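# Per-entry structural report
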Protein chains: 2
Amino acid sequence: MADKIYRVNMTTLTTSSEDVPEKWKGLGGRGLTSTIVAQEVKPTCDPLSKDNKLIFAPGLLAATPCANSGRLSAGAKSPLTGTIKESNAGGTAAQCLARLGIKALIIEGLPEKDTFYSLHVDKNGVTIREEKELVGKWNYEVMKNLTKKHGDKIGILSIGPAGEMCMAAANISVKDPDGNIRSHGRGGLGAVMGSKKIKYIAIDDAGGPGIQIVDKEKFKKASVPFAKALVKHPVSGESLKLYGTNVLVNILNESGGLPTRNFRDGQFAGANKISGETLRDTIISRKGKPHHGCHAGCIIQCSQVYNDKDGNYVTSGIEYETIWGFGANCCIDDLDIIAEADHIMDDIGIDSIETVVAMGVVMEAGIIPFGDGPGALRLLKEIGAGTPLGRTIGAGAGAVGRTHGITRVPVVKNQALSAYDPRAVKGMGITYATSTMGSDHTAGYCIPVNILKVGGYVDPLKKEGQVELSRRLQIGTTYLDITGLCVFVGFAALDDPAVASLLADMLNAKDGLNKTAEEWRALGRTVLLIEHEFNLAAGFTNKDDRLPEFFKEPVPPHNAVWDFTEEEIDSFWNF
Amino acid sequence: MADKIYRVNMTTLTTSSEDVPEKWKGLGGRGLTSTIVAQEVKPTCDPLSKDNKLIFAPGLLAATPCANSGRLSAGAKSPLTGTIKESNAGGTAAQCLARLGIKALIIEGLPEKDTFYSLHVDKNGVTIREEKELVGKWNYEVMKNLTKKHGDKIGILSIGPAGEMCMAAANISVKDPDGNIRSHGRGGLGAVMGSKKIKYIAIDDAGGPGIQIVDKEKFKKASVPFAKALVKHPVSGESLKLYGTNVLVNILNESGGLPTRNFRDGQFAGANKISGETLRDTIISRKGKPHHGCHAGCIIQCSQVYNDKDGNYVTSGIEYETIWGFGANCCIDDLDIIAEADHIMDDIGIDSIETVVAMGVVMEAGIIPFGDGPGALRLLKEIGAGTPLGRTIGAGAGAVGRTHGITRVPVVKNQALSAYDPRAVKGMGITYATSTMGSDHTAGYCIPVNILKVGGYVDPLKKEGQVELSRRLQIGTTYLDITGLCVFVGFAALDDPAVASLLADMLNAKDGLNKTAEEWRALGRTVLLIEHEFNLAAGFTNKDDRLPEFFKEPVPPHNAVWDFTEEEIDSFWNF
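Residues numbered from 1 in each chain as written. Chains lettered and ligands numbered in written order. Predicted model: local features only at pLDDT ≥ 70, side-chain atom pairs only at ≥ 80, totals over all residues. Heavy atoms only, no water.

### Quick look at the nonpolar core
Nonpolar side chains tend toward joint burial in soluble globular proteins. Residue and element names in this part refer to chain A. Core analysis: the biggest nonpolar cluster contains 99 residues, and Y320, W324, F326, M359, L380 and Y420 have the highest contact counts within it. Among the elements that make up this core, the one with the highest residue count is helix α11 (residues 335-348) (8 residues). Those residues within four positions of W324 in sequence are excluded, and the remaining contacts are L258, P259, F263, N329, V356, V357, L417, S418 and A419. (Core = buried A, V, L, I, M, F, W, Y, C linked by side-chain atoms within 4.5 Å. Buried < 20%, exposed > 50% of the residue type's maximum accessible area, 1.4 Å probe, protein only. Helix = DSSP H or I, 4+ residues; strand = E, 2+ residues; numbered from the N terminus. Contact = heavy atoms within 4.5 Å.)

### Regarding the relation of the copies chain A and chain B
Between the two copies of the chain lies a rotation about an axis combined with a shift along it. Least-squares fitting of chain A to chain B yields an RMSD of 0.0 Å, with the superposition described by an axial translation of 0.0 Å and a rotation of 180 degrees. Within this description, the copies of the chain are treated as partners about a two-fold rotation axis. Residue P388 of chain A of chain A places its C-alpha closer to the rotation axis than any other residue of that unit, at 2.8 Å. A share of 100% of interface residues in chain A that are also interface residues in chain B marks the association as one of identical surfaces. (Least-squares fit on C-alpha atoms with pLDDT ≥ 70 in both.)

### Let's talk about the packing of helix α1 (residues 29-40) of chain A against helix α18 (residues 466-483) of chain A
All names here are of chain A. Their axes nearest at 4 Å, the elements α1 and α18 cross at an angle of 95 degrees. Overall, the two elements α1 and α18 adopt an arrangement that is roughly perpendicular. Here G29, R30 and G31 of α1 come into contact with α18, specifically with T478, D481 and I482. Class assignment of the residues belonging to the contact of α1 with α18 gives a composition of 1 nonpolar, 3 polar and 2 charged. (Axes fitted to C-alpha atoms, helices over the stretch in contact; angles between N-to-C directions. Parallel < 35°, antiparallel > 145°, perpendicular 65-115°, else oblique. Nonpolar A, V, L, I, M, F, W, Y, C, P; charged D, E, K, R; others polar.)

### Regarding helix α10 (residues 320-329) of chain A
All names here are of chain A. In terms of burial, α10 is a largely internal element, 10 of the 10 residues being buried. Turning to α10, the residues buried within the fold contact α8 (248-255), α9 (276-285), α11, α12 (352-364) and α13 (373-385). Taken from the residues just after α10, C331 is the one with a positive phi, measuring 60 degrees.

### A few points about the pairing of strand β11 (residues 181-184) of chain B
All names here are of chain B. Sheet topology places strand β10 (residues 172-175) next to β11; 4 bridges connect them, and they run antiparallel. Within the sheet, the bridge partner assigned to I172 lies in β11 and is H184. In sequence, β10 turns back onto β11 through a hairpin of 5 residues, with G179 there showing a positive phi of about 85 degrees. (Pairing = 2+ DSSP bridges.)

### Examining the sheet that holds strand β9 (residues 155-158) of chain A
All names here are of chain A. Strand order across the open sheet formed by 6 strands is β8-β7-β12-β9-β10-β11, with mixed pairing between neighbours. Strands at the two margins of the open sheet, each flanked by one partner only, are β8 (125-131) and β11 (181-184). Strand-to-strand twist in this sheet, taken as the mean axis angle between neighbours without regard to direction, amounts to 20 degrees. Sheet topology note: the strand β7 (residues 116-122)/β8 ladder contains 7 bridges and is antiparallel. Residue pairing across strands places S118 opposite R129, the latter belonging to β8. Contacts from helix α3 (residues 139-150) reach β7, β9, β10 (172-175), β11 and β12 (198-203), with the element oriented near 150 degrees to β9.

### Re the interface of chain A and chain B
Taken together, the contact pairs 26 residues of chain A with 26 residues of chain B. Contact with chain B buries surface across chain A, with T403, K543 and E549 of chain A losing the most and accounting together for 23% of the total. On inspection of chain A and its partner chain B, the count reaches 0 salt bridges. Applying the counting rule to chain A against chain B returns 5 residue pairs in polar contact (both at pLDDT 80 or more). Counting residues per element, the ones that place at least two in the side of chain A that touches chain B are α14 (388-394) and α15 (397-404) of chain A. Looking at the side of chain A that touches chain B element by element, the count peaks at 4 residues for α14 of chain A. In terms of residue class, the side of chain A that touches chain B is made up of 9 nonpolar, 9 polar and 8 charged. (Buried area = accessible area lost by both parts, 1.4 Å probe. Salt bridge = Lys/Arg side-chain N within 4 Å of Asp/Glu carboxyl O. Polar contact = N/O pair within 3.5 Å; in protein donor to acceptor, adjacent residues only side chain to side chain.)

### Structural notes on the side chain of T483 of chain A
Residues and elements named next belong to chain A. Assignment of secondary structure puts T483 in helix α18. With a relative accessible area of 1%, T483 lands in the buried category. Setting aside anything within four residues of it in sequence, one finds T483 in contact with G59, L60, L61, A62, L503 and L507.

### Re the packing of helix α10 (residues 320-329) of chain B against helix α11 (residues 335-348) of chain B
Residue and element names in this part refer to chain B. At a minimum axis distance of 10 Å, the contact between α10 and α11 shows a crossing angle of 120 degrees. Put simply, α10 runs oblique to α11. Taken as a pair, α10 and α11 cross one another with a handedness that is right-handed. Across the interface between the two elements, T322, I323, F326 and G327 of α10 pack against L335, I338, A341, D342 and M345 of α11. Residues belonging to the contact of α10 with α11 are distributed by class as follows: 6 nonpolar, 2 polar and 1 charged. (Left-handed = near helix turned anticlockwise from the far one by under 90°.)

### Brief notes about the sheet that holds β10 of chain B
Residues and elements named next belong to chain B. Taken together, 6 strands build an open sheet; the order of strands is β8-β7-β12-β9-β10-β11 and the sheet is mixed. Whereas interior strands pair on both sides, the edge strands pair on one side only; in this sheet they are β8 (125-130) and β11. Neighbour to neighbour, the strand axes of the sheet diverge by 20 degrees on average, direction disregarded. Examined bridge by bridge, strand β7 (residues 117-122) and strand β12 (residues 198-203) share 5 bridges and lie parallel to one another. Residue pairing for β12: V121 is matched across the bridge by I203.

### Concerning helix α20 (residues 497-511) of chain A
All names here are of chain A. Here α20 spans 21 Å end to end across 15 residues, near enough to the 21 Å set by a 1.5 Å rise per residue. Listing the buried residues of α20 in full gives V499, A500, L502, L503, A504, M506, L507, N508, A509 and K510. Buried residues along α20 sit in contact with α6 (216-232), α18, α19 (490-493) and α21 (517-537). Capping of α20 at its N-terminal end is provided by D496; its side-chain oxygen lies 2.9 Å from the backbone amide nitrogen of A498. (Expected span 1.5 Å × (residues − 1).)

### Digging into the pattern of salt bridges
All names here are of chain A. Counted under the stated rule, the structure contains 66 salt bridges over all chains. One salt bridge connects K149 with E133, and the closest N-O pair in it is separated by 2.9 Å. Highlighted residues: K149 in helix α3 and E133 in the loop between β8 and α3, separated in sequence by 16 residues. Exposure remark for K149: the relative accessible area of 46% places this residue in the partly exposed category.

### A look at the side chain of D481 of chain B
Residue placement: D481 of chain B occurs in helix α18 (residues 466-483). In this view, D481 of chain B contacts G28, G29, R30, S73, E86 and N88 of chain B; residues no more than four positions away in its chain are not counted.

### Description of unusual backbone geometry
The amide bond that connects P556 of chain A to the next residue, P557 of chain A, takes the cis arrangement and shows omega of 5 degrees. Mapped onto the fold, P557 of chain A is located in the loop between α21 and α22 (566-570). Notably, F263 of chain A is not glycine yet its phi reads approximately 65 degrees, a positive angle. By the element assignment, F263 of chain A lies in the loop between α8 and α9. You will see that K413 of chain B, though not glycine, has its phi angle at about 50 degrees, which is positive. Its location among the elements puts K413 of chain B in the loop between β16 (411-412) and β17 (415-416). Assessed through its relative accessible area of 12%, K413 of chain B is described here as buried.

### Quick word on the confidence of the model for chain A
Low pLDDT means the predicted coordinates in that region are not meant to be read closely. Here chain A averages 96 in pLDDT, and 99% of its residues register 70 or above. Across the assembled chains, the prediction reports ipTM 0.95 with pTM 0.97. (pLDDT = per-residue confidence, 0-100.)

What follows is the structure, given as structure tokens:
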């Protein structure tokens, strides 16, 4: 059975399916979400209006035996940035959709009634139901309730109170294989889902057609060595499994690129207390899981389960960026508080990066002092309760700044910067400035080359080579986001031509094609340019590709400054 | 003595004066503030950063015997809109500055110390003093304290708590001849003053050089018939004196252009209770002042003093837009509540138009219901107290919408629309969309021609002729803002070539020039283009010249819709 496009019209409360049109064939994941947004969403529309569309698309390799291929792309026009937005997440939904032969799920319109709905996707299509029971519930309860009702095999996409209240930093939660939470974190896609009044989407792939691989033998010949290459690589095969992404606390602290106290310093005195090594020891001593995968087929296993002192579950999949944000950025050197914060943010459904940076601006404004962990936890709960201050924090770091007269607000296109100081890791600064998504570290993740010396080396403190590096990585990442592979396969795949060839081999084998690795990779360039065109049509200009002024201040210990000229930044788009 | 430019550097806490450079000669008011902003402020800077400048400039005719010439222009990059901003106000400050020979007062930089200052301007220059006593005080107390201390002849510019907290809708208050309050209302210039840590500016013109008129005889020959023309005109000579600007409630209600319930209807059932006629009767019965001037030399006298039932002062200069906003827009049909609201907004120093529209969005979000007058008063006090919700409202209508997931937010370039529905009065829609200031009714006030049939007639419900009308009026208004004349002289002056000639005669007589009326008027075009260029350099595009999508909904009673194409709107800039 050929793949289908499913549409849900929330204005008419009807659903339909259609064959994949010619123009969308060969696309998946971010390639499909961004292309559909560009073709069907008016670039100047209000992101919370009926004219926006929310699109989910599994990657091209979803549910195949390819390792780490279970990422789901979600796309729309972002209520946080006003740009096009793709945010991808692990969890089980991508594979469920792929096994149902669903190439993309497009949600359109807005209901006229002020009531919430749920979507039920199975082998017979999509059903829309009015939802009463779970409205107002937080994500863990939603997940628990639905797995109890429908079994733990189903895929779930849900929003918490942040999404219901259409907060611009609201995320979309995805059930992971253990019934815990992964997130389409960035850009407020949970608010788009909330505006469309969808509390959750349950996906049951039982009896679905499954996925088709045209040349299974050829696929296997590539997928096995591809997996071996990931395992063999010191980063994807060892560091990430041992310490999770939080391995980076010590690394960034040593390099002077760990933004501290709302980006005032590049090193944090409490780094050791929140490092990946400390995290691992704590997890092991409390009988948590030091590593596990966010989706079936993940062999990198950077996720983990963090327990409290009594051995009870607190959170899972706690990332370096979250730990950095509450840790160094807010000067809170207590992993238990940070883990509780991570739990609350997952539970209320709010992007952790946007929120930790917003919390830094809250501290900058003097609402609570830097280092006030209990205060930060209290304010997170205010987001869930929708208090006036909670609403402001839930609208992101920019909103906190604008309502409190604060100019030290680390955002680009109104989206918060992440855990890498752009002055001390200049490649990241170019990615923050130029990404089509607003500031986004994963869009072109220069840490391997700038810091880890993986895939070459470009001195992080010098301007030379950063624009080219970011461009190369942004194209490569867009390509990976099309395949549905985790960005961390990039350590092994992006720069080793042999591994990149294996990826192309799998893509060719799946669909009976015969494209070169370079041709496949070129898809990344094409999609990036489509996204850029959408943003230009929405009214963005190169004036938006700028870091805030305060990054001209030197950051210790290197006293590095943000010193790119406008022309240098703008040369990024010389494709 | 030749006029001077005074500079205050708040970083170094030093002041200086300089001769007027050639490039600024022949400019005044908005012409000078906008030119200086365009030449000296980086278009992409953060409006609250050290790189912004706050500029005050009296108009070309300030302190001359020309009637209604006492408006003061304030200019900066706006923290509300991100555009260039000029906001002018009556009161006594313009004439004081002009009599001191101060062509412009330019305030630069930011102090390093977290303390407030005051500026004292007199014949010897500008002195900067640390200010402790009045910090945190509201405007009426500031005015009272300073006139007690320095006499009631001084000019005062001050900010209230909204400005101190750098709220994006904070205004700058100006003392009027009675010691009451006029406002540089729009665009958050009070936040710029607050960011520069200036609580107030006291201006003492005693012993100043006064103003010079090169040909006094010629000036008088023009100024006398010019004043007569204003008095003779039915709008500026009669309606405005009788009813104030609030004469418009009934007129707009009848025409179906009175935005009601957050722009859902064009007529308000309670219009009669808040009309200019009712206002006048109420004022007279309570022994208030039905008319007075906001500055010496005003012969239109649209301002008034409103007393409570016991005959005690409540507020003065209560404008149609304020009464409309709390009245029709928020469905509060009680003049006493609206007058108290006006008092509070003056006292805390917040733009009334932005705030009334923000209050409509607050009601849209369900925080308080439409029609809840006591609730609205309570929330205004929250602005003054800086509560989280007060901060959000103080950041303007857009901020309330963004933090509450509301798309029905009547703003352009993040500044609130005013008291004229753009669907039923289409000329105003073009002005809202295209003004260099963000949505601003005074920028090109089409009501005379669209509604009052003064200076021609263009059917308000049809598209034909509106772009040309708005363009003509925006150029004419910019010209008036350069002269320092009140916009209401436009009723008589803009469209009667004889009256326009008298204005040119006064300008020529004052400075010994010999330009035609058309040459003088062309200054308006030049300055408008300078402002537009600044906005383009700040990253604005024609995509920002758009009304919110909801204006495509028909508005009763005419069921008019906003139906201009993008091309039609953009043709505005075919100068």
